[in-house]
Structure formats: structure tokens, C-alpha cells
Protein chains: 2
Amino acid sequence: MGAAHVFDEAIALAPHGEGLWQGRTSPAYANMIGPYGGITAAQVLNGVLQHPQLLGEPVALTVNFAAALADGTFIVRPRPARTNRSTQHWIVEVLQEDQVVITATVVTAARRATWGEHEATMPEVPSPAETPRTQRRGVEWLHRYDMRFLTGGIPREWNGQDVGESLSRLWVRDEPPRPLDFPALAALADVFFPRLWLRRAKLTPLGTVSMTVYFHAGGAQLQATGTGHLLLQARGQGFGGGYFDHAGQLWNEAGELLATTHQVVYYKE
Amino acid sequence: MGAAHVFDEAIALAPHGEGLWQGRTSPAYANMIGPYGGITAAQVLNGVLQHPQLLGEPVALTVNFAAALADGTFIVRPRPARTNRSTQHWIVEVLQEDQVVITATVVTAARRATWGEHEATMPEVPSPAETPRTQRRGVEWLHRYDMRFLTGGIPREWNGQDVGESLSRLWVRDEPPRPLDFPALAALADVFFPRLWLRRAKLTPLGTVSMTVYFHAGGAQLQATGTGHLLLQARGQGFGGGYFDHAGQLWNEAGELLATTHQVVYYKE
């Protein structure tokens, strides 16, 4: 048996008394201050997915970043607030030193076959094989992903010129490759570098405040996607009063919409 | 002093012991089963806004509809899970008969002036004065809004033909007119009739499961908007496995982006 994937090590949670789990920030997913937000979202979701009372698969995940996580251990407290016949509503808190650092809600459900269609269709782009890997330097978590930018990459020059648009498209997968599952998809939904940096070509201090992921794929579809690249797209919507938001989509190589995502980000100036 | 606006009556909450408030479903905002989801979102937000420990103004609101609200009273339990220097993170639960029917999170913040711009610009459309009011029949809450559809109105024929697109644009304001504030804006964000009905011209049974609103405007901007119409736009993204989502935007008549919104909706077939 080989060593565990670095992602699995990062999201691992150990029982810590009645209804509590203990996790630990992973140096492999370190960001500038504290961990990469996507790995925190995956840890929160994992707290629900490994809960003995879990019903179904994730449909919606909202993670609110209440404070910067300090390096070290944390406690995850997932609580099934309401369980219905085929849906379940979770409230999750993450604590450090008895203080709340994350609040989150998760909706899980037993999905069933219905009519379906994707209106947010994948744009026509070159395949991952035709797209060279983008070299990313800087914080540690960047090295945990194979990113291949098609448009809207990190500005080459931080010249402060408003380019009027903040659309990014890129192929991404875990590095090393790892079969896709719900925690990995949640983590991928935060891969976008801040739209404000792209829009203004300026490294303004900032941090994600709240992030939502809607899961359109079931577990079988994720399994079929395997270790392939996902096409990720995001665009900023409103910027002002210290906060901006973006809306994004994640497709697999077959063009299936696996998830949509939104987030609102604090910025300083 | 005149009578209170029906919206203010509907979202009113009375103290109900330590940290709890009591509200009541409003027949004026009745939907097919239980109340209009938008009025529930407004009640949840109101529970935070009138809390004595409130810091700042709403930035993000996520409301999860865990169960159908029964007509009658309910308890709102807002809890400031984390208070920082300029931001605050709330967990809110709504209970009926000691059972959770709503879970929600709210982020509030003291906003400050920064660079700003709206990338999600308002489409060019005729003004509200040039757009005839759309007659809506059916459930009671529809009569609480003046709606003027520009595109993507309720299908004239429920013929089950997939029209391939689910974009709606409409002017909306409270009826009778009422100066805009945060609870009213939250309620307006749910005005869109289900994208699935538009897309398929079919009255499939369904219900919103989770809804998020990002507030781009501060209180002063809402005040300046006053009783004017808002332009609302929404479009479905993914439909399948019993759930679909949409993404939407709300602008005032001056073309300012006041809020963006997303929701995921359960459907039966």
C-alpha cells in the first residue's frame, strides 16, 4: 500500500469526543496567512461526510471565514440540525482555543434521476493536453495543483491599470493526480486567485469572507471524472465598499457541469 | 401616523426571552405551501439587524430552507458566533415546535470607502415607466410586488417544450411602494419564479433549498434608491439529479448593482 495522497492527509479528522473531530492545518496547503481557504472548505465538508448520521450526498456548502486559522490543530463541530426523508441540513463550526473561526452550513440529499440539462455550457477551449502547464511561484498550496491558464492569468506586471474585466479560465487538477471526490471538488472551487488582483493589476491585501458551492454532480459522476482536469471559470460581479464577489463554474473534460460557486471577498483599498 | 407597511408587519419580531425572537407567518405573503421564501429570508435577516450586539451592515446572507414553515408563530435564534474589529459572523436558526425549520448564516461588517466598479453591468432595457405592469394571478405574495417583465415571463402555455434558456429580466418594487432597506432587498432576491418552469414550460413541484445574497450596497445607497423599481435578472446554470441552481443580479434604476444572488432548488421530476 502506497503513502496517502497529501490531500487526504490534509483533510483527515480524528474523533475528539461526542460529536467533535480534530483536524490540523497542513503545511502543504499553506497560504500567505493561514491555510488555503479551499482546504478549509474541504475539511468542513469532510466533517459532515464522515459523520455517522450522514444522509445522502452534498448539494450545497457555504463556508464563512470568521477568522484566520492559526497553524496547528482545530476542532470541527458538525451538527445535523434537521433530517428529513431525503434531505439533511447541517450547521458546522470550526474552533480554535474555544473561539469560532469558521461557520458553515451544508445541505445533503439522496439524489434521484430527473430531467437534466446544463444551461451554463462549457466554453470551447483547447484541451488540457494542448494547454501548457502554468508555472506558479509563491505560497505552498499553489504547488498542490496542476493549473493550465487559458485566459485571465496572474498579471505579468502589477501596474495598477484597470483592465475592465476579471474573467479567468483554466484547467486544473490535483498534483499529484487524485480521483475526484466531493472534498476535492470543494477545494478546487476556491482555486481562483482574487478577481480584484486581475481586474486592477494590483496586489491589494484581501481575504475570502464567504464561499458557496452548489454540487451538480453525484458521487458516481465524480468517480467517472477520475483524475482528469476540470475547466474552471470565474468572473467578478460587484466591487465596492471593501468587498467584491465572483461567480464561477467547474466542468469536467467531458463538458459536464460538476459544480457552481460564488464567493465574497474583503479587500483593503 | 399611518398604518405600518404590510412588509414591516410581516417581518416584525417580538422579544421572546434571552436571545430569542418570535415572529409569525404573514397571510399577505402566503405561497402555495407555507410562506414566500423571500419573506422568510427577510425575517431571518431582521433577527440579526435588530439584535443589540449587531456590528455593521449585511455583506452576505445564506438561508437554508430545512422544512416547510407551518402557518403561525416561529422562534428566531440569532447568535453572534464571532465578532471581530469590523466584521461579525452570525448563525441563525428558526424553530417551530422545537424543530429547526431554517438554518442561516449572516456576515455583517462596517464597510468603508474603497475603489469600486461593477463588472456585472445592467443590461440596456426600457425604463419601468415604459414597461407595462405584468398581471400576476395565483398565490397571495405575488400581489405584494409590482412586477414588469421585460423577458422570460411565466410561460403562456404549459406545453412542456424545452425552450433551451431560462433568462428572466424584470423591474420590481414593493406594492404599495416602500423605501428600500436590507430586509426588503433580501426578500426581492427571491422574486424570480422557478427557472425550471421557464426552461421546460412545465409546472414541476419544487422548492428552494438554499439561497445566498451578497449585498453590494450600503444602507445609504439603499436609502437613495428609495421606492424606485429594481431591475432583476436571473438565469439557470445546472439542472439534474433533482436540483437546479440559478445566479441573479439586482440593480437600481441608476444602474448600480445592489446585490447578487444564487439559489439551489429541489424539483421532483
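About the cut-offs
- Residue indices follow the written sequence of each chain, beginning from 1 at its first position.
- Working convention: letters from A go to chains and numbers from 1 go to ligands, in the order in which they are written.
- This being a predicted model, a pLDDT of at least 70 is required before a residue's local features are given, and a value of 80 or more before pairs of side-chain atoms are given or counted; all residues contribute to the totals for chains, interfaces and linings.
- To line up the copies, we fit them by least squares on C-alpha atoms, keeping just the residues with pLDDT of at least 70 in both.
- Here, residues touch in the contact sense if the C-beta positions derived from the backbone fall within 7 Å of one another.
- Secondary structure is summarised from DSSP: a helix means a run of H or I of at least four residues, a strand means a run of E of at least two, and numbering begins at the N terminus for each.
- For this classification, Asp, Glu, Lys and Arg are treated as charged, while Ala, Val, Leu, Ile, Met, Phe, Trp, Tyr, Cys and Pro are nonpolar and the rest, including Gly, are polar.
- Around each residue's C-beta, the other C-beta atoms within 10 Å are counted; 20 or more make the residue buried, 12 or fewer make it exposed, and counts in between make it partly exposed. All C-beta atoms are placed from the backbone.
- When DSSP finds two or more bridges between two strands, those strands count as paired.

Draft legend 1. Inspection of the relation of the copies chain B and chain A at higher detail. Least-squares fitting of chain B to chain A yields an RMSD of 0.0 Å, with the superposition described by an axial translation of 0.0 Å and a rotation of 180 degrees. On this basis, the relationship between the two copies can be described by a two-fold rotation axis. Counting the interface residues of chain B, we find that 100% of their copies in chain A are interface residues as well, pointing to one common contact surface.

Draft legend 2. Representation of the interface of chain B and chain A in the model. Tallying the contact residues gives 52 residues for chain B and 52 residues for chain A. It is strand S11 (residues 230-240) of chain B that provides the largest number of residues to the side of chain B that touches chain A, a total of six residues. The residue makeup of the side of chain B that touches chain A, split by class, is 18 nonpolar, 23 polar and 11 charged.

Draft legend 3. View of the pairing of strand S12 (residues 243-252) of chain B. All names here are of chain B. Within S12, 10 of the 10 residues are buried, which leaves the element mostly enclosed by the surrounding structure. Residues Tyr 243, Asp 245, Ala 247, Gln 249 and Trp 251 of S12 are buried on one face, and the alternating residues Phe 244, His 246, Gly 248, Leu 250 and Asn 252, pointing to the opposite face, are buried as well. Direction of pairing for S11 relative to S12: antiparallel, over a ladder of nine bridges. Looking across to S12, one finds that Ala 234 is bridged to Gly 248. Connecting S11 to the next strand, S12, in antiparallel fashion are two residues, including Gly 241 with a positive phi near 60 degrees. As paired strands, S12 and strand S13 (residues 257-267) are joined by nine bridges and run antiparallel to one another. Bridged to Leu 250 within S13 is Ala 259.

Draft legend 4. Representation of unusual backbone geometry in the model. Of note, the bond from A:Glu175 into A:Pro176 is cis; its omega dihedral lies within 30 degrees of zero at 0 degrees. Following the sequence through the fold, A:Pro176 ends up in the loop between strand S9 (168-174) and helix H3 (182-188). Positive phi is not limited to glycine here, since B:Glu97 has a value of about 50 degrees. Here B:Glu97 falls in the exposed class, since 9 other C-beta atoms lie within 10 Å of it. For B:Asp98, which is not glycine, the phi dihedral falls at a positive 65 degrees. Of note, B:Asp98 is situated in the loop between strand S5 (87-96) and strand S6 (99-109). B:Asp98 sits in the exposed class, given 6 other C-beta atoms within 10 Å.

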